[in-house]
Protein chains: 4
Amino acid sequence: MNTFGRNFRCTTFGESHGPALGVVIDGCPPGVRLSPETIQPMLDRRRPGRGPLASSRAEADTVEILSGLFEGRSTGAPIALIVRNRDARSEDYDALRTVFRPGHADYTWQAKYGIRDHRGGGRSSGRETVARVAAGAVALACLARDGIRITGSIREIHGRVIPREQEREIAEAAERGDSVGGIVEVVAEDCPAGLGDPVFGKLDAAIGGAMLSIGAVKGVEIGEGFAAARLFGSENNDPMTPRGFASNHAGGILGGISTGAPIVVRIAVKPTPSIRKEQQTVDLDGRPAAIAIAGRHDPCIVPRIVPVAEAMLALVILDALLEQEKYLRYAGGGRE
Amino acid sequence: MNTFGRNFRCTTFGESHGPALGVVIDGCPPGVRLSPETIQPMLDRRRPGRGPLASSRAEADTVEILSGLFEGRSTGAPIALIVRNRDARSEDYDALRTVFRPGHADYTWQAKYGIRDHRGGGRSSGRETVARVAAGAVALACLARDGIRITGSIREIHGRVIPREQEREIAEAAERGDSVGGIVEVVAEDCPAGLGDPVFGKLDAAIGGAMLSIGAVKGVEIGEGFAAARLFGSENNDPMTPRGFASNHAGGILGGISTGAPIVVRIAVKPTPSIRKEQQTVDLDGRPAAIAIAGRHDPCIVPRIVPVAEAMLALVILDALLEQEKYLRYAGGGRE
Amino acid sequence: MNTFGRNFRCTTFGESHGPALGVVIDGCPPGVRLSPETIQPMLDRRRPGRGPLASSRAEADTVEILSGLFEGRSTGAPIALIVRNRDARSEDYDALRTVFRPGHADYTWQAKYGIRDHRGGGRSSGRETVARVAAGAVALACLARDGIRITGSIREIHGRVIPREQEREIAEAAERGDSVGGIVEVVAEDCPAGLGDPVFGKLDAAIGGAMLSIGAVKGVEIGEGFAAARLFGSENNDPMTPRGFASNHAGGILGGISTGAPIVVRIAVKPTPSIRKEQQTVDLDGRPAAIAIAGRHDPCIVPRIVPVAEAMLALVILDALLEQEKYLRYAGGGRE
Amino acid sequence: MNTFGRNFRCTTFGESHGPALGVVIDGCPPGVRLSPETIQPMLDRRRPGRGPLASSRAEADTVEILSGLFEGRSTGAPIALIVRNRDARSEDYDALRTVFRPGHADYTWQAKYGIRDHRGGGRSSGRETVARVAAGAVALACLARDGIRITGSIREIHGRVIPREQEREIAEAAERGDSVGGIVEVVAEDCPAGLGDPVFGKLDAAIGGAMLSIGAVKGVEIGEGFAAARLFGSENNDPMTPRGFASNHAGGILGGISTGAPIVVRIAVKPTPSIRKEQQTVDLDGRPAAIAIAGRHDPCIVPRIVPVAEAMLALVILDALLEQEKYLRYAGGGRE
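Residues numbered from 1 in each chain as written. Chains lettered and ligands numbered in written order. Predicted model: local features only at pLDDT ≥ 70, side-chain atom pairs only at ≥ 80, totals over all residues. Heavy atoms only, no water.

**As for the interface of chain C and chain D**
Let me state the cut-off plainly: When checking whether two residues touch, look at their non-hydrogen atoms; a contact exists if any pair is within 4.5 Å. Here's the idea: put two parts together, see how much 1.4 Å probe accessible area each one loses, and the total over both is what we call buried area. We define a salt bridge as a side-chain nitrogen of Lys or Arg found within 4 Å of a carboxyl oxygen belonging to Asp or Glu. Distance and chemistry together define a polar contact, namely a pair of N or O atoms within 3.5 Å, with one atom able to donate a hydrogen and the other to accept it when in protein, and with adjacent residues in sequence counting only for side-chain atoms on both sides. We call Asp, Glu, Lys and Arg charged. Ala, Val, Leu, Ile, Met, Phe, Trp, Tyr, Cys and Pro are nonpolar, and the rest, Gly among them, are polar. Only strands joined by at least two bridges in the DSSP assignment are considered to pair. Each helix is a run of H or I in the DSSP string that is no shorter than four residues. Each strand is a run of E no shorter than two, and both are numbered from the N terminus.
With 102 residues of chain C at the interface, the matching set in chain D holds 102 residues. For the pair chain C and chain D, the summed buried surface comes to about 7,900 Å²; carbon and sulfur atoms form 61% of the total. Sorting the residues of chain C by area buried against chain D places Lys112, Phe200 and Lys218 of chain C first, and these three jointly supply 11% of that buried surface. The partner of glutamate 156 of chain C in a salt bridge is arginine 230 of chain D, with the nearest N and O atoms 2.5 Å apart. Our count for the contact surface shared by chain C and chain D stands at 46 residue pairs in polar contact (both at pLDDT 80 or more). Here the residues of the side of chain C that touches chain D are counted per class, giving 47 nonpolar, 37 polar and 18 charged. Pairing geometry for strand S10 (residues 217-222) of chain C and strand S10 (residues 217-222) of chain D, over 3 bridges, is antiparallel. Considered in S10 of chain D, the bridge of valine 220 of chain C is made with valine 220 of chain D.

Okay, structure coming up:
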């Protein structure tokens, strides 16, 4: 299932070492101003950093728009975006053709499909998120017309909350041939109340599904999240006042529907599974093997997950916004 | 969106104080032995306890099967299940017609639809889970044919892990007119490798969406979950051996596809929003109001969430299993 | 797949001789006045006639509403409707347990599912349309708020266009233990321009799928339909004038989108496959058998198809109308 | 809605005069041998003929595969195919920017979206079918592995069944600046019994939706189709024998499920709406206008519809085949 969304439907494709990655967006409202410049800056944020600690794969990630625009505006027809792969060094991966990397999708993909593009993880590569980010940039442009903003930030890296300590953690891990994870927070501001579609299309359910569809994400929480499990009801409930909610423990969602308060989401990112340290594994025939992963890998992908998480939240909220349009005329409710 | 699943599709309906709740299951494999006895025990587990601390709403929750069976077996036709509401004391809720309860869906439902069944929360009531549990019981019967078992348990209540301390927490909260939440863990054992549908139908994404669609759930994590964000890659990766994975930090899912190891999911349940303590709120016209919620409410719904979480995990896994069937003949992969 | 529609989603269930038939409507706009009286008259039109030529199964087909209403209006929550089976004489069908009726779904259902409720055709019975008609009645109530009307009529029975000749055809066929088919036309008036969702959700594509999902329908055409294949372009094109289209060969749809002119659909209904005349067939073991079908069967179901076709057209148009709502704010197009 | 299919999901994109057309296929079984050579011959069949009567737009329609293959075989990941537009003479269409062509989607697209790519009809151009045919070629390759074949043919052009008379009709119409339509038949042979998903995903319903989603198609019928409306039940029923059905009036489908007999579909194609003859129309402001359409247009598109109809039937049948896989293990039914 490579399509996300019911109204703003994004179908992504592409492998790490294939000719191109891309997305077809079906259901984009007509009349939205779009161009490569709408998309490129967000793709650039997703690219590997330039520092000594980052992956050195040098992809320009230039987006090309194949359809869906007329004189610089969306027409309601599907918008196809592609990004060519340029710097794919497939030979780096020859050793991995028959060996499963621990913590990666190698074994499970093989178990599922019986065939596997081992080069850079193929479709299971983090590079797949190029297409998500491109789609997210279009969604953000749509949301901006309604004044909705989405911002992500790093909350923790390997348990550290202070940036310089985070950098040190990454550097130390890299030096040891190891890797670290962290926590990313994404917030959507100025969303109208009324978004979300009970009972299975609840806004938090959609967000949860979206975030956990990002590789390396192992947990998601809304508002207080896991901490809510340790509060009293009287602490966790948000009192209401004529000026709005007096607090936002709920993280902007009640009963699966947005309250109008900021929507607050946090995700847990596991440490990069590709590490130089030797690990124990098996090969295609189930025989024991040792593996030490060379190649160009980030010792911490948390910073690069930030725009991906923003993109996914944008996709969810725009989808809910379009869903909500259907009922506005009838309900007299929602956004005024 | 009241339908869950792509292959084993469950459409639920019903309000807390309406005539009935129910579910239509579309896509149940044919030939499965089913009867009310398949479903009733799990519904009984979901019912309020009998202790002094539990909600005293006395519903028998007797399931009736309206379609889809022939001589005690499923036929491939949709299976409709209904449970009549009997003990709905709607008059308890008259005071809530024009006032929004903090922590509930009252305000957001009104904002979305412009109309709202205020009696017991209407469709946003926890009573909605009756239909999920009924569907889950059918899914579990299907899964049992493949030897897959699903078990839920309480991990924490208000931060406590020892049962007698948990009971004390609940009792104390109840006494003060307050409420507490907790953490539930659900585990699926003996699932084949290969379940899950990258990149947006990943097994963990589907689980995340399913769990966060349960009212009161504010977070979900797989395997190490949020703790993974504080591990090194070398700690978090699960080494592989000829006998399988040497550990299960991944919680049974890699790259969104099941590994064959137990699938381990934890969810954060917020404290019941209905509390006797007075709270500050507003009415339909936005005027300030104070509210102290009478009626029959559990001071802690964590125990009753356990079968609901089991049900949702069963729905996700069965759905993935049916999806996987499509490719088995081609892939030669997955389950042998 | 027992769900129809993307926005106004109807999930039907039930067998000819099971406890009940019904439908869950998910996505009904809130605020619509509904009651059993909204639905019952259309169900009554679908019931067997009372004449000597009609099926004598005596079902009251009384609808019960289980959910989704509050004080007589829809709330946005799913609306469950059920109709109990009362007069199911299952013993009439004992002889058919092991023999396939020609022209029926007996053989194909067995081939697909490996199990089959043979009583009255089970789920493949024409009685299944009870649920469609109930859903259609709700859709018509929604459409009426926008002034959209849908009317079906008999165009042909066994090639005859004059009512008294049609009746004679039916009578003669019945006398000989045979059956006849015919053609039904359904027209939707006062639909706004702009309905339909290119390229695969075109309005005519949706109508075609809807109509051919009715048992016994073997063809569908829009506007001129098959006759258009014999016209010149200059004859078939509808000239446009400042007052609208000068003709309606297109049947109200161009490029898969409604033009604002009446939407005109015709369907071909095959003769009832259940006939008293002896037919050649096989049994479950593939052995030759002769069959002469007793029981209560209409020699012509064309009149009873009329409300079913109206219902399906209503479902399609309401679904397209809700889809279109999503874009109105953006497009400034469609309905004013 | 630019996605077709539930299991073999094809999302198409592209306009007549944009950079490219294409399709993303999601859900292709893994392990299928595919290359540009699998697809190009069918694309070539769809291209305009070279005769004096055909459109002279000279597109090579060369397909490029962007993803989803590894060493010449499908991997289960989405397959993206694109075809670049080369010979788009947009200036031919400048006169049509503000005038609606009768019989085209110009007016309805404008009404729906409020914006429109007028160049060659934009997304509503027949050129859109390039993507369908590319996807259909992949589907046919999958079906071939199960021995299923699909063949289309011209049955009528402007009422004529003899090829040389058909050619004369086209030539005469072209000479007069007019156009003609016709009837195409498509047959699928050696399909297993059991395909189709009652009650709304019936095989004939899916075929009807697929065929009417092709531009210019105004009617669809299965087996006897409209002629069945004039037969007696005793004539139209297909007797069964130990060697199979004795006739095939049903066109290979009973109760919405394939019987194993050939699946026979006919579609009515309207005359090309683009004609040189002057026609009456209106402009964007609703003022009367006269139009005589220059540019490169086929006086009869029936021959070019043949591969498109084959493609759509292939997509429907493969989709049903994958759906059916889900239940084979349970049912013991369907294909052996």
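Still more ground to cover, so stick around.
**Examining the pattern of salt bridges**
Here is the rule we go by: Each residue gets one of three labels from its accessible area relative to the maximum for its type: buried under 20%, exposed over 50%, partly exposed in between, using a 1.4 Å probe on protein chains only.
If you walk through the whole model with that rule in mind, you get 112 salt bridges over all chains. The salt bridge partner of aspartate 197 of chain B is arginine 6 of chain B, with a shortest N-O separation of 3.0 Å. On the criterion of sequence distance, the pair formed by aspartate 197 of chain B in the loop between strand S9 (182-189) and helix H5 (203-212) and arginine 6 of chain B in the loop between strand S1 (3-4) and strand S2 (9-14) is long-range, its members being 191 residues apart. For aspartate 197 of chain B, a relative accessible area of 8% corresponds to the buried category. A relative accessible area of 27% places arginine 6 of chain B in the partly exposed class. Salt-bridge contacts for arginine 266 of chain D lead to glutamate 221 of chain D; the nearest nitrogen and oxygen are separated by 2.9 Å. Highlighted residues: arginine 266 of chain D in strand S15 (residues 263-269) and glutamate 221 of chain D in strand S10, separated in sequence by 45 residues. By the burial criterion, arginine 266 of chain D is buried, and glutamate 221 of chain D matches it. A single network of salt bridges, built from pairs that share partners, joins Arg6, Asp197, Glu323 and Lys326 of chain A.

**Considering the packing of helix H1 (residues 36-46) of chain D against helix H3 (residues 129-144) of chain D**
Any two packed helices are characterised by how steeply their axes cross, that is the angle between the axes, and by the distance between the axes. Residues and elements named next belong to chain D. Under the convention used in this document: Angles shown run from 0 to 180 degrees and are taken between the N-to-C directions of axes, each axis being a line fitted to C-alpha atoms and, for helices, limited to the stretch in contact. Each angle gets one of four labels, with under 35 degrees taken as roughly parallel, over 145 as roughly antiparallel, 65 to 115 as roughly perpendicular, and the rest as oblique. Two helices cross in a left-handed way if the nearer one is turned anticlockwise from the farther one by less than a right angle. They cross in a right-handed way if the turn is clockwise.
Two elements in contact, H1 and H3, have axes separated by 8 Å at closest approach and are oriented at 135°. The angle between H1 and H3 falls in the class oblique. H1 and H3 meet at a crossing whose hand is right-handed. Where H1 approaches H3, its residues Thr38, Ile39, Met42, Leu43 and Arg46 are matched on the opposing element by Thr129, Val130, Val133, Ala134, Ala137, Val138, Leu140 and Ala141. Across the contact of H1 with H3, the residue classes break down as 10 nonpolar, 2 polar and 1 charged.

**A look at the environment of serine 213 of chain D**
Note that serine 213 of chain D resides in the loop between helix H5 (203-212) and S10. In contact with serine 213 of chain D, not counting residues within four places along its chain, are Val199, Phe200, Lys202 and Ala205 of chain C together with Arg132 and Met312 of chain D.

**Thoughts on the side chain of arginine 46 of chain D**
Residues and elements named next belong to chain D. By secondary structure assignment, the location of arginine 46 is in helix H1. Residue classification places arginine 46 among the buried positions, given a relative accessible area of 3%. A distance of 2.9 Å separates a polar atom in the side chain of arginine 46 from a polar atom in the side chain of threonine 129. With sequence-adjacent residues up to four places away left out, arginine 46 is seen in contact with Asp61, Gly126, Arg127, Thr129, Val130, Val133, Arg304, Pro307 and Val308.

**Quick notes on the packing of aromatic side chains**
This is how the line gets drawn: Aromatic rings from Phe, Tyr and Trp, taking only the six-membered ring of Trp, are treated as a pair when their centres fall within 6.5 Å; an angle between ring planes under 30 degrees marks them as stacked, one over 60 as edge-to-face, and anything in between as tilted.
Applying the stated criterion across every chain yields a total of 18 aromatic pairs over all chains. Taking 5.4 Å as the distance between ring centres and 55° as the angle between the ring planes, the aromatic pair formed by phenylalanine 4 of chain C and phenylalanine 200 of chain D counts as tilted. Of this pair, phenylalanine 4 of chain C sits in strand S1 (residues 3-4) while phenylalanine 200 of chain D sits in the loop between strand S9 (182-189) and H5, placing the two residues on different chains. When sorted by exposure, phenylalanine 4 of chain C lands in the same class as phenylalanine 200 of chain D, which is buried. Their ring planes at 80° and their centres at 5.7 Å tell us that phenylalanine 245 of chain C and tyrosine 107 of chain D sit as a pair that is edge-to-face. Within this pair, whereas phenylalanine 245 of chain C is found in strand S12 (residues 244-245), its partner tyrosine 107 of chain D is found in helix H2 (residues 106-113), the two belonging to separate chains.

**Focus on the relation of the copies chain D and chain B**
As a reminder of what qualifies: Here the copies are superposed with least squares, the fitted atoms being C-alpha atoms of residues at a pLDDT of at least 70 in both.
Taken as rigid bodies, chain D and chain B are interconverted by a rotation of 180° and an axial shift of 0.0 Å, the fit giving an RMSD of 0.0 Å. Considering both components of the superposition, the chain copies are consistent with a two-fold axis. No C-alpha of chain D approaches the rotation axis more nearly than that of lysine 326 of chain D, which lies at 2.6 Å. Take the interface residues of chain D: 100% of them recur as interface residues in chain B, which is what a same-surface contact looks like.

**Describing the relation of the copies chain C and chain D**
With an RMSD of 0.0 Å, the fit of chain C onto chain D corresponds to turning through 180° and sliding 0.0 Å along the axis. Of all interface residues in chain C, 100% are interface residues in chain D too; the two copies therefore contact each other through one and the same surface.

**Considerations on the pairing of strand S3 (residues 20-26) of chain B**
Residues and elements named next belong to chain B. The buried fraction of S3 is high, at 7 of 7 residues. Side chains Ala20, Gly22, Val24 and Asp26 of S3 all project onto a buried face; the interleaved residues Leu21, Val23 and Ile25 project onto the opposite face, where all are buried too. Here 6 bridges tie S2 to S3, and the two strands are oriented antiparallel to one another. What sits directly across from cysteine 10, in S3, is isoleucine 25. The turn joining S2 and S3, which pair antiparallel and follow one another in sequence, is formed by 5 residues. As paired elements, S3 and strand S7 (residues 79-84) share 6 bridges and run antiparallel to each other. If you follow leucine 21 over to S7, its bridge partner there is valine 83.

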